[in-house]
Amino acid sequence: MLTDMGTILRKAKKEGYGVAAPNVWSGVTVKSVFEAAKELHAPIIFDCAGIHSLEETVDMVKFYERQFPEVSGALNLDHGGAFEEIITAIRCGCTSVMVDRSTLPFEENVREVAEIVKIAHAVGVSVEAELGHVGQGFEYETTRDAGLTRKDEAMEFVKQTGVDCLAVSVGTSHGTYKGTPKLEFGLLKELHEMLPIPLVLHGGSGTGDDNLKKAVETGIQKVNLCTDLSNAGLEELKKYLGIDYDSMEKDGSLGEFGNPSANMYDAGNAMGKGYKELLKHYITLFGGVGRA
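Residues numbered from 1 in each chain as written. Predicted model: local features only at pLDDT ≥ 70, side-chain atom pairs only at ≥ 80, totals over all residues. Heavy atoms only, no water.

- Per an unreviewed UniProt entry, the chain goes by the name Class II fructose-bisphosphate aldolase and belongs to Candidatus Anaerostipes excrementavium.

Next up, the structure:
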């Protein structure tokens, strides 16, 4: 059953565990998430990005929701951009929306987030926002410190916007890191203790199990995951195809017909297997098993 993300994360904050939030963009990924959540009896958050055919993805989540009625989850628009995109997400069935205005000045971030909160709350949809800015992994060494969340702004931001959860920047980055991840656990602890709402960690992929486990123990309730799960699916696909990609890149000997026995249906299932098994690892790491 799908519910609002605020309800799921408030329970996680009260009981001290984290909820995995994998990005989904296809029937294979959506079904894999439902299966993982059912097998581990864990709450889950489906993160859908606007660039991944939002309405189509929402429909797939709704379809599989009927096949897995025992799964407790939320359907969240990830990194919501234009006003129109956010309203579309609400209208087509998202139970939560993220309003990403993290690159704007504080006052503009507050004003635009508060506007969406008023609309979303009127129809029972929860809202996530971001204060500070989580950048891209390829520029980690040059942008990490500039985007850290400021404590002196955090409480005022929550008061003025009424958001249900807040994505904070404490040293993670999106995508593949160029450099070694270094998290500000002291800052995270202070934010957790001073703010009454759940906290979100963007850039979970590549951050490392020890860092992620400690982040959840220190005060994170939602961990976003994409790159790691995608890579795990691709690795399983390579095994299925039986192709030595390193060799193929060197001499191209396998060519177009390197594996004539492969078919798209089974290839998709292979990717789903890799994606699902790593997701189950993260659900367990965050303490989400048996929490649904």
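**Description of the overall build of the chain**
Consideration 1: Looking only at helices and strands, one finds twelve helices and eight strands in the chain.
Consideration 2: Taking all 292 residues of the chain together, the buried fraction comes to 52%.
Consideration 3: Summarising the internal contacts of the chain: among those between residues at least 6 apart in sequence, 74% fall at separations of at least 24.
Consideration 4: For the chain, the computed accessible surface area is about 13,200 Å², with 52% contributed by carbon and sulfur atoms. (Helix = DSSP H or I, 4+ residues; strand = E, 2+ residues; numbered from the N terminus. Buried < 20%, exposed > 50% of the residue type's maximum accessible area, 1.4 Å probe, protein only. Contact = heavy atoms within 4.5 Å. Areas by Shrake-Rupley, 256 points an atom, 1.4 Å probe, with all protein chains shown as cover.)

**Comments concerning the layout of surface pockets**
Consideration 1: Considering only enclosed or pocket space, the largest pocket measures out at about 300 Å³ in volume.
Consideration 2: Around the largest pocket, the lining is made up of 18 residues, and of these N23, D78, H79, H174 and C226 lie nearest the centre.
Consideration 3: Going through the elements one at a time, β3 (73–80) and β8 (222–225) are the ones with two or more residues in the lining of the largest pocket.
Consideration 4: The residue inventory of the lining of the largest pocket, partitioned by class, reads four nonpolar, twelve polar and two charged.
Consideration 5: Of the voids in this model, the second largest pocket is the one considered here, and its volume is about 210 Å³.
Consideration 6: Taken together, 13 residues line the second largest pocket, and the ones lying closest to its centre are V28, K31, S32, G268 and N269. (1 Å grid on protein atoms, 1.4 Å probe; cavity = no way out; pocket = protein on both sides within 12 Å on 5 of 7 lines; lining within 4 Å. Points joined across faces, edges and corners; volume = space filled by probe spheres on them. Nonpolar A, V, L, I, M, F, W, Y, C, P; charged D, E, K, R; others polar.)

**A few points about the sheet that holds strand β1 (residues 19–22)**
Consideration 1: Within the open sheet, the eight strands sit side by side as β1-β8-β7-β6-β5-β4-β3-β2. Their pairing is parallel. Looking at which strands have only one partner, the edges of the open sheet turn out to be β1 and β2 (44–49). Neighbouring strand axes in the sheet, compared pairwise and without regard to direction, differ in orientation by 25 degrees on average.
Consideration 2: Relative to strand β4 (residues 96–99), β3 runs parallel, the two being bridged by three bridges. Paired with G80 across the two strands is V99, which belongs to β4.
Consideration 3: Set on the sheet, helix α1 (residues 5–15) makes contact with β1, β2, β3, β4, β5 (126–131), β6 (165–168) and β8; between it and β3 the angle comes to about 105 degrees.
Consideration 4: The strands touched by helix α12 (residues 264–285) are β1, β2 and β8; relative to β1, the strand with the most contacts, the crossing angle is about 150 degrees. (Pairing = 2+ DSSP bridges. Axes fitted to C-alpha atoms, helices over the stretch in contact; angles between N-to-C directions.)

**Concerning the pattern of salt bridges**
Consideration 1: All told, the structure shown has 17 salt bridges when counted by the stated rule.
Consideration 2: Its salt-bridge partner being E153, residue R150 comes within 3.6 Å of it at the nearest N-O pair.
Consideration 3: Residue R150 is classed as partly exposed on the basis of its relative accessible area, which comes to 45%.
Consideration 4: Across the pair E236 and K239 runs a salt bridge, and its minimum N-O distance is 3.9 Å. With a gap of three residues between them, E236 and K239 both fall in helix α10 (residues 227–241), about one helical turn apart.
Consideration 5: According to the relative accessible area criterion, E236 is buried, its value standing at 17%.
Consideration 6: A single network of salt bridges, built from pairs that share partners, joins E35, E39, K276 and K280. (Salt bridge = Lys/Arg side-chain N within 4 Å of Asp/Glu carboxyl O.)

**A short note on the UniProt feature "binding site: Zn(2+) 1" (unreviewed entry) in the chain**
Consideration 1: Residues annotated in UniProt with the feature "binding site: Zn(2+) 1" (unreviewed entry) correspond here to H79, H174 and H202. Considering the C-alpha atoms alone, the annotated residues occupy 124 residues of sequence yet fold into one spot, their largest mutual distance being 11.8 Å. Checked against the lining of the largest pocket, the annotated residues just named reduce to H79, H174 and H202.
Consideration 2: Mapped onto the fold, H79 is located in strand β3.
Consideration 3: The exposure class assigned to H79 is partly exposed, which follows from its relative accessible area of 26%.
Consideration 4: Not counting chain neighbours up to four residues away, the residues in contact with H79 comprise E85, M98, D100, E130, H174 and H202.
Consideration 5: In this fold, H174 is placed in the loop between β6 and α8 (185–194). (UniProt positions renumbered as here; feature names shortened; annotations may be inferred.)

**Side note on the environment of E65**
Consideration 1: Positionally, E65 belongs in helix α3 (residues 54–67).
Consideration 2: Each C-alpha atom of the pair E65 and K31 lies 9.3 Å from the other, and the pair is 34 residues apart in sequence.

**Re the packing of α8 against helix α9 (residues 209–218)**
Consideration 1: One can describe the packing of α8 onto α9 by two numbers: an axis separation of 9 Å at closest approach and a directional angle of 30 degrees. With respect to each other, α8 and α9 are oriented roughly parallel. As α8 packs across α9, the resulting crossing turns out to be right-handed. Mapping the contact onto sequence places F185, L188, K189 and H192 in α8 and N211, K214, A215 and T218 in α9. (Parallel < 35°, antiparallel > 145°, perpendicular 65-115°, else oblique. Left-handed = near helix turned anticlockwise from the far one by under 90°.)

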